[in-house]
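Close look at the chain arrangement
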Amino acid sequence: MTEFKKVQQLLEIVREHVLNIRAKLTAEEQAYAVYHDARHVLVASCSDLLKRDRKLYLKAVEADPNRQIYNETMCGKIMDLHKSVTTFFGEELQVNEELCERIAESAEESNALFSSACVLAEELQERYEHAVVTEASSSAWAAAVANNVATIVDMQQVARVVLEVEEKNAARQMFLVDAVGSRAAARAAEDARAAARWNAEMQRREHETSQPLPSTVAEVIRSYEALVDRTQLSRLCKRLAALLREVHANPERQEIRTLRYVPLTIEHFGHPGVVHYEGCACRVLNTAAETVLRMAGYCARYNTKPSYNVVVMELFAAPSSTSFPMPCGRSSAEHRYHAVGFEMYGERTLVLAEPDPQIEMDAWCSWHEAFEVAIADLMRVV
Ligand SMILES: [Zn+2]
């Protein structure tokens, strides 16, 4: 038989074998030996076909006239056959022309190369491994091993495969456990950090509202006189008095009933997160201001919209385009923002929450009286 006829025949054999394999794969589960043999034949015949076809093709395209052995008609037939082979491999086995060439030209690794390149061979291997493991776990296996020496030899070979498959599966399982485990651990750690941050902020808010208040504004002012400059303190008292007088005169004005930390508020009363980088009285002055405001009925309130906090923080990010004088007297551009704890959760405002005169007349009266005393105390410093 000529080499051309041999390749033609091999192509037909492989084509038929592939059809048989597909039929086996769609049928019910077979014995492991069926998959094993089918794979063995597929790999061996395919790499043989590719090698033979490649050799023939190279002879047909030989450029050196002294080495040309086929006539023009034969060369044409060989080229057609080569095209059929590569088309078959490409379409039926998803092995492209470039891979076919590499497999054909590899001296020792053509089988291994084809095995890893061919999806069908891989599928047969998986079916084989699965069938082996299934059979090894059946009672028929144990009975066969117990009664037949020939089977034992056969089974010993297969047992090695079982071990390999089990190891492979265990490694795959470990990989999955590792990947899932580390993701879960990372998520748990992040959740724990988030919970700790939120708890710390809750404690801070609790601490903020539970601080005991002095009985009079005059007492507050006295306690701060030793801490800050007289000019700074009197300027602060003047601004607090102006605010409280405005509340007293126009209690319905929402923008003074809810104090947002807009630049003007920060200019007048400072901010709990803003301080000069070399240290200044702003933080102390802010504490003094908030103490007086709490005594007047203002409470710290938090919403769930943190976006405005970014605006405030950017005011103090260097270099800042806008600047204004801070309570200590220096420019806001010289001050920096240090997160207090609420920044990522929501905006912090001071809301006036006086007693409702319709419901608690007595409480409202004493609040109103205290409010007037507070203004008078502040005015005395000014
Ligand atoms: Zn300052």
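One structure accompanies this document, and this report is about it. Just so it is clear, the model here is predicted, and its values are computed rather than measured. (Residues numbered from 1 in each chain as written. Predicted model: local features only at pLDDT ≥ 70, side-chain atom pairs only at ≥ 80, totals over all residues.)

Attention now goes to the pairing of strand 5 (residues 348-352). Summarising the sheet, strand 1 (residues 258-260) and strand 5 pair through 3 bridges and their orientation is antiparallel. Pairing of Arg 260 across the sheet is with Thr 349, part of strand 5. Two strands pair when backbone bridges link them, and strand 3 (residues 298-302) and strand 5 are joined in this way by 5 bridges, in the antiparallel orientation. Opposite Arg 301, over in strand 5, you have Thr 349 as the bridge partner. (Pairing = 2+ DSSP bridges. Helix = DSSP H or I, 4+ residues; strand = E, 2+ residues; numbered from the N terminus.)

Here we take up helix 13 (residues 282-295). Between its terminal C-alpha atoms helix 13 stretches 20 Å, which fits the 20 Å expected from 14 residues at 1.5 Å a residue. Looking at helix 13, one finds that the buried residues are Cys 282, Leu 285, Asn 286, Ala 288, Ala 289, Val 292, Leu 293 and Met 295. After helix 13 finishes, the residue Gly 297 shows a positive phi value of roughly 115°. (Expected span 1.5 Å × (residues − 1). Buried ≥ 20, exposed ≤ 12 C-beta atoms within 10 Å, placed from the backbone.)

The next point concerns helix 3 (residues 72-93). With 22 residues, helix 3 extends 31 Å from end C-alpha to end C-alpha; this agrees with the ideal 32 Å at 1.5 Å per step. For helix 3, the set of buried residues is Ile 78, His 82, Val 85, Phe 89 and Leu 93. Relative to the axis of helix 3, the buried residues are bounded by an arc of 60° and lie together on one face. Residues of helix 3 that are exposed and point more than 90 degrees away from the buried face comprise Glu 72, Thr 73, Gly 76, Asp 80, Lys 83, Thr 87 and Glu 91. Buried residues along helix 3 sit against helix 1 (3-26), helix 2 (32-60), helix 4 (97-105) and helix 6 (119-136). (Arc of directions from axis to C-beta. Contact = placed C-beta atoms within 7 Å.)

The biggest cluster of nonpolar side chains holds 40 residues, and the ones touching the most others in it are Leu 240, Leu 244, Val 292 and Ala 374. Going through the elements one at a time, helix 9 (217-225), helix 10 (230-249), helix 12 (263-269), strand 2 (274-276), helix 13, helix 14 (307-315) and helix 15 (361-381) are the ones with two or more residues in this core. It is helix 10 that contributes the most residues to this core, 8 residues altogether. Sequence-distant contacts of Ala 374, defined by excluding residues within four places in its chain, comprise Val 217, Leu 244, Val 292, Met 295 and Ala 296. Listed in part, the 30 residues of the second largest apolar core include Leu 56, Leu 93, Val 95 and Val 132. (Core = buried A, V, L, I, M, F, W, Y, C linked by C-beta atoms within 7 Å.)

Backbone geometry at Gln 94 places phi at a positive 50°, although glycine is not the residue there. By the element assignment, Gln 94 lies in the loop between helix 3 and helix 4. Classification of Gln 94 by C-beta neighbours within 10 Å gives exposed; the count is 12.

The subject of this paragraph is the sheet that holds strand 5. Taken in spatial order, the 3 strands of this open sheet run 1-5-3, and their pairing is antiparallel. The sheet is open, and its two borders are formed by strand 1 and strand 3, each paired with just one other strand. The average angle at which neighbouring strand axes cross in this sheet is 30°, direction not considered. (Axes fitted to C-alpha atoms, helices over the stretch in contact; angles between N-to-C directions.)

What follows covers the packing of helix 4 against helix 5 (residues 110-117). Across the interface, helix 4 lies against helix 5 with an axial gap of 8 Å and an inter-helix angle of 155°. In terms of axis orientation, helix 4 runs roughly antiparallel to helix 5. Every pair of crossing elements has a handedness; the one defined by helix 4 and helix 5 is left-handed. Contacts between helix 4 and helix 5 involve Leu 99, Arg 102 and Ile 103 from the first element and Ser 110, Leu 113, Phe 114 and Ala 117 from the second. For the contact of helix 4 with helix 5, a count of residues per class yields 5 nonpolar, 1 polar and 1 charged. (Parallel < 35°, antiparallel > 145°, perpendicular 65-115°, else oblique. Left-handed = near helix turned anticlockwise from the far one by under 90°. Nonpolar A, V, L, I, M, F, W, Y, C, P; charged D, E, K, R; others polar.)

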